[in-house]
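One letter stands for each residue in the lines below.
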Number of protein chains: 2
Amino acid sequence: MRAVNALILERMGSPVPLIPKLAKYLVEAGGKRVRPLVTIAAAKMIGYSGDAHLKLAAAVEFIHTATLLHDDVVDESDLRRGKKAANLVWGNAPSVLVGDFLFARAFMLMVDAGSMDALHSLSRASSIIAEGEVRQLAAKGDIAASIGSYMEIIEAKTAALFASAAEVSAIVADRPQADITALDTYGRELGLAFQLVDDALDYGGLSKDLGKNTGDDFREGKITLPVVIALQNGDETEKRFWSRVMTDGEQDDSDFDTAMELLEKHGALKATLAMAEEKAQIAKDALSGFPDNEWKSALEELADFVVSRAS
Amino acid sequence: MRAVNALILERMGSPVPLIPKLAKYLVEAGGKRVRPLVTIAAAKMIGYSGDAHLKLAAAVEFIHTATLLHDDVVDESDLRRGKKAANLVWGNAPSVLVGDFLFARAFMLMVDAGSMDALHSLSRASSIIAEGEVRQLAAKGDIAASIGSYMEIIEAKTAALFASAAEVSAIVADRPQADITALDTYGRELGLAFQLVDDALDYGGLSKDLGKNTGDDFREGKITLPVVIALQNGDETEKRFWSRVMTDGEQDDSDFDTAMELLEKHGALKATLAMAEEKAQIAKDALSGFPDNEWKSALEELADFVVSRAS
């Protein structure tokens, strides 16, 4: 991971001062680097001895960071990685453009890695992410959303990049298709678990710890699984409540508390986290065909860690 | 070009309805398709017989369209290709995300084209474009801008993609480096000419035809070559005028007329177009080593056409 971090800092360099300034602001805020970690650990697990995986891991983090910068413009977010969102510090324009820069640099890194199949995987994932984001935008405030449509959205906007981050290791290592597919499954299910937990954490998770970074989805009218579950089990009065706050966006100070009560009443956060655990288990099971080693253990622990964040 | 248009329509497809709707809005508004035309004509000129150039041409147009969508968010533009800008119709969020989608699809097309060297060229160009856009943003209202810094910005934001659009044809055709370099020069100089003319047209060009789409740069405080020339030749009173309208953004109804008078006084539009003609000539000269055929003539005529737009 130290090599990946060095590569990230090197490749975000530009003679245009605002670019490294803004990119560093976000990168140093220190995402959890979960996605590149998946690429590195998977490559090590299967005994890959080259160095293309480092470039692909950095590329994956660049794609992710680019989508964060653009998401902040799209969502009009206030905070990102615990810091004031970049678009509020420098304005929308640099966030859009530096996102584009990082996206382009991600593809340069992939070209350097030299695998056309890895490029295929990550460019396809990038296209799917954008589709997922547009779907999520179109679904804003739609209280008729089903669990199925929610799952499709998070599979596209989050799980596709995790899946690609995992499978590219087997691709550059020239492993058989079965290994590529197994790692794709690991990454995809891990990504679903990750997003489900994130969506539960936006309502404080099981501990109902309502610190900073909670309530964003609620304020933005994003219909995540906890809300879908509460809606499906709610009566007409409750549906009218969700319709007012999520569809019409009419929210007052007490509404978030009411929302929390409704989620509690219908066990919505518990159910969301149960589904996350299920996905994490499928992720771990997908690794069963690989020989046991410390890297396989690391990937299994990562799946457990992702779920444990919310309890 | 019909094949490229068909490919463009096919590859912008998505099951997410808003994506083709927004992409079509822009693509059908009918850009001039100058960039893909360069790729196609160059490939034909050198006798390339495969079909990778079609995919690369479509990829080039996607990259260009993606940057237009993002530029509109960055510039807060009102009009694009003579229609209301997409961000004003659907909001900033879809413009950002559909731009990302088209950018990702561009890379999928390049992967399909199968040339790692072409991918290198176009991903590098994409990174340079973003750098150029950030530089342009940082230079907004900077009345100390030099001709050199202006040229660097337009080389990055516009000419780099033209250069890549031209050279990828020789790359997929496996031509010697000298041919690749010659086409890179053709594209780069054509791109510079194109942008110089655009910047002159924003003040009505030589005919001073102030129809729609003029005055955007002035309103946005973009310091283009005509203004740089007027500034370098202006007295203190004039400098104070430019500083007020461009740096401080304090503009009233008569200011654009005053700006036009100052450009006229210093022959700024004429000088800008003379530089464009020079660049177009260098572009044509770069083709001298290629055998004469109808496609070479088409590329030469394109260089003439680009310049003739403003007279």
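Residues numbered from 1 in each chain as written. Chains lettered and ligands numbered in written order. Predicted model: local features only at pLDDT ≥ 70, side-chain atom pairs only at ≥ 80, totals over all residues. Heavy atoms only, no water.

Operational definition: UniProt positions are given in the numbering used here, feature names are shortened, and annotations may be inferred rather than shown by experiment.
If you look chain A up in an unreviewed UniProt entry, it shows as Polyprenyl synthetase family protein from Hyphobacterium lacteum. Checking UniProt for chain A, the heading Sequence similarities (unreviewed entry) contains the comment "Belongs to the FPP/GGPP synthase family." One UniProt comment on chain A, placed under Cofactor (unreviewed entry), says "Mg(2+)".

1. Some points on the environment of Lys284 of chain B
Residues and elements named next belong to chain B. Rules: Helix and strand assignments follow DSSP, with helices taken as H or I runs no shorter than four residues and strands as E runs no shorter than two, numbered in order from the N terminus. We call two residues in contact when some of their heavy atoms are within 4.5 Å.
Mapped onto the elements, Lys284 comes out in helix 14 (residues 268–285). For the pair formed by Lys284 and Lys296, sequence separation is 12 residues and the distance between their alpha carbons is 9.1 Å. Residues in contact with Lys284, not counting those within four places in the same chain, are Tyr186, Glu300, Ala303 and Asp304.

2. A look at the environment of Ala125 of chain A
All names here are of chain A. Condition: A 1.4 Å probe rolled over the protein chains alone gives each residue an accessible area, and that area as a share of the maximum for its type sets the label: buried under 20%, exposed over 50%, partly exposed in between.
Examined against the element boundaries, Ala125 turns out to sit in helix 7 (residues 116–138). Note on Ala125: relative accessible area 4%, which makes it buried. Expressed as a C-alpha distance, the spacing of Ala125 and Thr158, which sit 33 residues apart in the sequence, is 9.5 Å. Not counting residues up to four positions away in its chain, the partners in contact with Ala125 are Ala160, Leu161 and Ser164.

3. Some thoughts on the packing of aromatic side chains
The condition is simple: Stacked, edge-to-face and tilted are the three classes for Phe, Tyr and Trp ring pairs, Trp counted by its six-membered ring, which pair at centre distances within 6.5 Å; planes under 30 degrees apart are stacked, over 60 edge-to-face, the rest tilted. Geometrically, a charge over a ring is one whose NZ (Lys) or CZ (Arg) sits within 6 Å of the ring centre while staying within 35 degrees of the ring normal.
The tally for this structure, following the rule as stated, stands at 12 aromatic pairs over all chains. Arranged with centres 5.2 Å apart and planes meeting at 45°, the rings of Phe103 of chain A and Phe103 of chain B form a pair that is tilted. With Phe103 of chain A in helix 6 (residues 92–113) and Phe103 of chain B in helix 6 (residues 92–113), this pair bridges two chains. Considered together, Phe103 of chain A and Phe103 of chain B belong to a single accessibility category, that of buried residues. Taken together, the ring pairs in this structure connect Phe103 and Phe107 of chain A together with Phe103 and Phe107 of chain B into an aromatic cluster. The side chain of Arg309 of chain A reaches across the aromatic face of Phe194 of chain A, ending 4.5 Å from its centre.

4. Quick notes on the interface of chain A and chain B
Threshold: Basic side-chain nitrogens of Lys or Arg form a salt bridge, by our definition, when they fall within 4 Å of a carboxyl oxygen of Asp or Glu. Polar contacts, as counted here, are pairs of nitrogen or oxygen atoms within 3.5 Å of one another; within protein the pair requires one atom able to donate a hydrogen and one able to accept it, and residues that are adjacent in sequence qualify only if both atoms are side-chain atoms. Side-chain classes are defined by residue name, with Ala, Val, Leu, Ile, Met, Phe, Trp, Tyr, Cys and Pro counting as nonpolar, Asp, Glu, Lys and Arg as charged, and the others, Gly among them, as polar.
Chain A puts 37 residues into the contact, and the matching count from chain B is 37 residues. Seen at the junction of chain A and chain B, the total is two salt bridges. Connecting chain A to chain B are six residue pairs in polar contact (both at pLDDT 80 or more). For the side of chain A that touches chain B, the elements supplying multiple residues, two or more each, are helix 2 (18–28), helix 4 (52–75), helix 6 and helix 7 of chain A. The element best represented in the side of chain A that touches chain B is helix 6 of chain A, accounting for 14 residues. The class makeup of the residues in the side of chain A that touches chain B is 22 nonpolar, nine polar and six charged.

5. What to know about the packing of helix 9 (residues 177–201) of chain B against helix 15 (residues 294–308) of chain B
Between two packed helices, what matters for the description is the angle formed by their axes and the separation of those axes. All names here are of chain B. Quick note on the threshold: A fitted line through C-alpha atoms serves as each axis, taken over the contacting stretch for helices, and the angle formed by two N-to-C directions is quoted from 0 to 180°. We call two directions roughly parallel when the angle between them is under 35 degrees, roughly antiparallel when it is over 145, roughly perpendicular when it lies between 65 and 115, and oblique otherwise. Two helices cross in a left-handed way if the nearer one is turned anticlockwise from the farther one by less than a right angle. They cross in a right-handed way if the turn is clockwise.
It is the contact of helix 9 with helix 15, at a shortest axis distance of 8 Å, that shows an interaxial angle of 20°. When the axes of helix 9 and helix 15 are compared, the pair comes out roughly parallel. Considering only the axes of helix 9 and helix 15, their crossing is left-handed. In this structure, helix 9 uses Tyr186, Leu190, Ala193, Phe194 and Val197 to contact helix 15, whose residues at the interface are Leu299, Leu302, Ala303, Val306 and Val307. Grouping the amino acids of the contact of helix 9 with helix 15 by side-chain chemistry returns 10 nonpolar, no polar and no charged.

6. Focus: the packing of helix 1 (residues 2–11) of chain A against helix 4 of chain A
Residues and elements named next belong to chain A. Helix 4 packs onto helix 1 with a crossing angle of 60° between their chain directions and a minimal axis gap of 9 Å. In terms of their interaxial angle, helix 1 and helix 4 are classed as oblique. Considering the relative orientation of helix 1 and helix 4, their crossing is right-handed. Mapping the contact onto sequence places Ala3, Val4, Leu7, Ile8 and Arg11 in helix 1 and Leu54, Lys55, Ala57, Ala58, Glu61 and Phe62 in helix 4. Among the residues forming the contact of helix 1 with helix 4, the class breakdown is eight nonpolar, no polar and three charged.

7. With respect to helix 1 of chain A
All names here are of chain A. Quick note on the threshold: By arc we mean the arc of the directions from the helix axis to the C-beta atoms, nothing more.
Burial in helix 1 covers these residues: Val4, Leu7, Ile8 and Arg11. Buried positions in helix 1, seen along its axis, are confined to an arc of 100° and lie on one side of it. Across helix 1 from its buried face, at more than 90 degrees, point the exposed residues Arg2 and Glu10.

8. Thoughts on unusual backbone geometry
With a phi angle near 55°, Asp174 of chain A is a residue other than glycine that sits in the positive phi range. With respect to the helices, strands and loops of the structure, Asp174 of chain A is situated in the loop between helix 8 (147–172) and helix 9 (177–201).

9. Brief notes about the relation of the copies chain A and chain B
Here is the rule we go by: The atoms used to superpose the copies are C-alpha atoms, taken from residues with pLDDT of at least 70 in both, and the fit is least squares.
Mapping chain A onto chain B is achieved by rotating through 180° and translating by 0.0 Å along the same axis, at an RMSD of 0.0 Å. Expressed as an axis order, the relation between the two copies is that of a two-fold axis. When you check the interface residues of chain A against chain B, 100% turn up at the interface there too, and the contact is symmetric in its surfaces.

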